[in-house]
Amino acid sequence: MNAQTNHNREARNILIQNDRGGYTVPTAGLYPYQWNWDSAIAAFGFATFDISRAWQELETLFSGQWEDGMVPHIIFHKPDPSYFPGPDVWHCSGPIASTGITQPPVAATMARKVYEQDKAAAAPILKKLFPKILAWHRWFIQWRSDDQNAICITHPWESGRDNAPEWDAALKNMTAEGVGEYTRRDTSHVDPSMRPTKFDYDRYIWLVQQGASLNWDQQKLLEQNPFRMADPTTTFLLLRAHKDLLALGTELGLDVSGIQDDIALLTKGAESLWNPEIGSYDARNAHTGAFAGCQSSASFLCWFAGIENATQLEKLDEAFGNTNHPIASHPTTSEHYDSRRYWRGPTWAFMNMMIGIGLADQGHKEQAERLRAATADLIRSFGFAEYFDSTTGEAAGGQSFTWTAAVWLAWINPNERRD
Ligand code: GLC
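Values in this document were obtained by computation on a predicted structure and should not be read as measured data.

Parameters at a glance
- Residues numbered from 1 in each chain as written.
- Predicted model: local features only at pLDDT ≥ 70, side-chain atom pairs only at ≥ 80, totals over all residues.
- Heavy atoms only, no water.
- Helix = DSSP H or I, 4+ residues; strand = E, 2+ residues; numbered from the N terminus.
- Buried < 20%, exposed > 50% of the residue type's maximum accessible area, 1.4 Å probe, protein only.
- Contact = heavy atoms within 4.5 Å.
- Pairing = 2+ DSSP bridges.
- Near = heavy atom within 4 Å.
- Polar contact = N/O pair within 3.5 Å; in protein donor to acceptor, adjacent residues only side chain to side chain.
- Areas by Shrake-Rupley, 256 points an atom, 1.4 Å probe, with all protein chains shown as cover.
- Nonpolar A, V, L, I, M, F, W, Y, C, P; charged D, E, K, R; others polar.
- Core = buried A, V, L, I, M, F, W, Y, C linked by side-chain atoms within 4.5 Å.
- Salt bridge = Lys/Arg side-chain N within 4 Å of Asp/Glu carboxyl O.
- Phe/Tyr/Trp six-rings, centres within 6.5 Å; stacked < 30°, edge-to-face > 60°.
- Lys NZ or Arg CZ within 6 Å of the ring centre and 35° of its normal.
- Patch = residues over 30% accessible without salt bridge, like charges linked within 9 Å, V, L, I, M, F, W, Y side chains within 5 Å.
- Lys, Arg positive; Asp, Glu negative; His and termini not counted.
- Charge placed at Lys NZ, Arg CZ, Asp CG, Glu CD.

A. Molecular detail of the environment of Asp200. With respect to the helices, strands and loops of the structure, Asp200 is situated in helix H9 (residues 198–213). By relative accessible area, which is 8% here, Asp200 ends up buried. As for Asp200 and Phe46, which are separated by 154 residues in sequence, their C-alpha atoms are 34 Å apart. When sequence neighbours within four positions are dropped, the list of residues in contact with Asp200 reads Asn163 and Leu171.

B. A look at the sheet that holds strand E4 (residues 229–230). Sheet architecture is open: three strands sit in the order E3-E4-E7, paired in antiparallel fashion. A single partner strand is all that each edge strand has here, and the edge strands are strand E3 (152–153) and strand E7 (284–285). With two bridges connecting them, E3 and E4 associate as antiparallel partners. Each bridged residue has a counterpart across the sheet, and for Cys152 the counterpart in E4 is Ala230.

C. Up close: the site of the ligand. The environment of the ligand is formed by Pro26, Tyr31, Trp35, Trp37, Asp38, Gln103, Gly160, Asp162, Tyr342, Trp343, Phe401 and Trp403. Within the side chain of Asp38, an N or O atom sits 2.6 Å from an oxygen atom of the ligand. Measuring from an oxygen atom of the ligand, one finds a backbone N or O atom of Gly160 at 2.6 Å. Surface burial for the ligand is 97%, taken as the share of its 310 Å² of free accessible area covered by protein chains. Considering only residue class, the shell around the ligand consists of eight nonpolar, two polar and two charged.

D. Structural context of the side chain of Gln65. Assignment of secondary structure puts Gln65 in the loop between helix H3 (51–62) and strand E2 (74–75). Within the local environment of Gln65, its side chain forms a polar contact with the backbone oxygen of Gly69, the two atoms lying 2.8 Å apart. Leaving out residues up to four positions away in the same chain, Gln65 has contacts with Met70, Val71, Pro72, Pro95, Lys132, Ala135 and Trp136.

E. Inspection of unusual backbone geometry at higher detail. Note the cis peptide between Phe84 and Pro85, where omega equals 0 degrees. Examined against the element boundaries, Pro85 turns out to sit in the loop between E2 and helix H4 (87–90). Here the phi dihedral of His91 falls at roughly 50 degrees; this positive angle occurs in a residue that is not glycine. Assignment of secondary structure puts His91 in the loop between H4 and helix H5 (107–117). Although it is not a glycine, Tyr342 adopts a positive phi angle of roughly 55 degrees.

F. Molecular detail of the nonpolar core. Judged by nonpolar contacts, the single largest core of 137 residues is most densely connected at Trp55, Phe227, Leu301, Phe350, Met351 and Met354. The leading source of residues in this core is helix H6 (residues 119–144), at 12 residues.

G. Highlighting the pattern of salt bridges. Scanning all chains against the criterion turns up 21 salt bridges. Ionic pairing is found between Glu57 and Arg53, a salt bridge with its closest N-O pair at 3.0 Å. Residue Glu57 and its partner Arg53 are both found in helix H3; the two are separated by four residues, about one turn of the helix. Both residues of the pair, Glu57 and Arg53, count as buried.

H. Main features of the packing of aromatic side chains. The full count for this structure, using the stated rule, is 32 aromatic pairs. Relative to Tyr201, the ring of Trp157 has its centre 6.0 Å away and its plane inclined at 65 degrees; by these criteria the two rings are edge-to-face. Taken together, the positions of Trp157 in the loop between E3 and helix H7 (168–172) and Tyr201 in helix H9 put the pair 44 residues apart, joining distant regions of the chain. The exposure class assigned to Tyr201 is buried, which follows from its relative accessible area of 3%. When the ring centre of Tyr201 is taken as reference, the NZ or CZ atom of Arg184 above it lies at 3.9 Å. Positioned above the aromatic ring of Tyr342, the side-chain terminus of Arg195 is 4.5 Å from the ring centre.

I. Representation of the environment of Gly321. Topologically, Gly321 is positioned in helix H13 (residues 310–322). Residue class for Gly321 comes out exposed when judged on its relative accessible area of 60%. As a C-alpha pair, Gly321 and Glu308 span 13 residues in sequence and 21 Å in three-dimensional space.

J. Structural detail: a negative patch on the surface. On the surface, Glu314, Asp317, Glu318 and Glu366 cluster together to form a negatively charged patch. The element best represented in the negative patch is H13, accounting for three residues. One can find Asp317 in helix H13. In this structure Asp317 comes out as partly exposed when scored by relative accessible area, which is 44%.

Following this line, the structure appears as structure tokens:
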């Protein structure tokens, strides 16, 4: 048996072992529930060997959808005291216990990828999923567009890039007064040097307490939440997801009215995140209009959204040149760079996959291949880690990680490649 086969087998085993019956956990211990964008990516991985399981993953995710269309960032299917903050802190009243915030919407894009592998079997499932996905997308546009049509997050966790330096200034301007005593669980699973600091964590919990006290009412949050940042990840992913949903709906003969208009608005929103001062897409504070002043791996999701930008392509060359283990979540040249601390420097395989798919779709085949090769090397050398030290390549965070295994199966593994 060669090394490639071993990796395939290991990746499949990780998905199977992280399966909790209809949904996968990102990794045992550290993340014991269903996470939104992790699950969408897991579906893409499952589709390489079990398409019906891939659909089940997406269906289970949408079983937690709220009446207003929001799909939660975590669904607490079964209580697990090893995780904090759990359902008793969030105080939510959706159909299944969940958090009150969402995560970047990549489900439509992954659904389209799964659909393409077996269209006939998928059509009836997708017809049911379509209105649910559309309701979620519309929820973003209704509640989270800023005055320039970019899409905002109301909690750092909503970006999926929890402690990225983009959020520093907004968090510093907030108080965590009254947050009270609590016990973190993440730092008992993973070395604290790889996790967000206490300063950040206090503010994460304060924001959860505020949301709960406002009953997760979006109108009230709009008026009172001090943290509102237009986010490149969410904006680019929603734009891409909308395009995929339009393609799916058109092919299935469903009502797609209005989606094209939303795409036009989102395209403007995405373009508005261009920060000429740093020559990159950037996050922007919706309260003050100020850019965060940070390039990040999310800046390179523009191609995934179908947006071309020559300067961003030059920045990609720099990102490739500055480390052997691209793409660092925050530039290696920045004063805030920390090669092991979560979203302040480490390399994430699933981000590389989305960036790589975007590059390939836009015709930048050479860069896409380069990124795929670098990501394959990381996983071959250091395993299916949550993320990787972007200076040394070493594994960091949780192990046997669902989305890293899915990336291997769906994007890297040449035996499974369909392109
Ligand atoms: C962390 C990541 C987030 C991910 C979650 C589960 O919070 O920042 O993107 O969804 O872990 O893997």
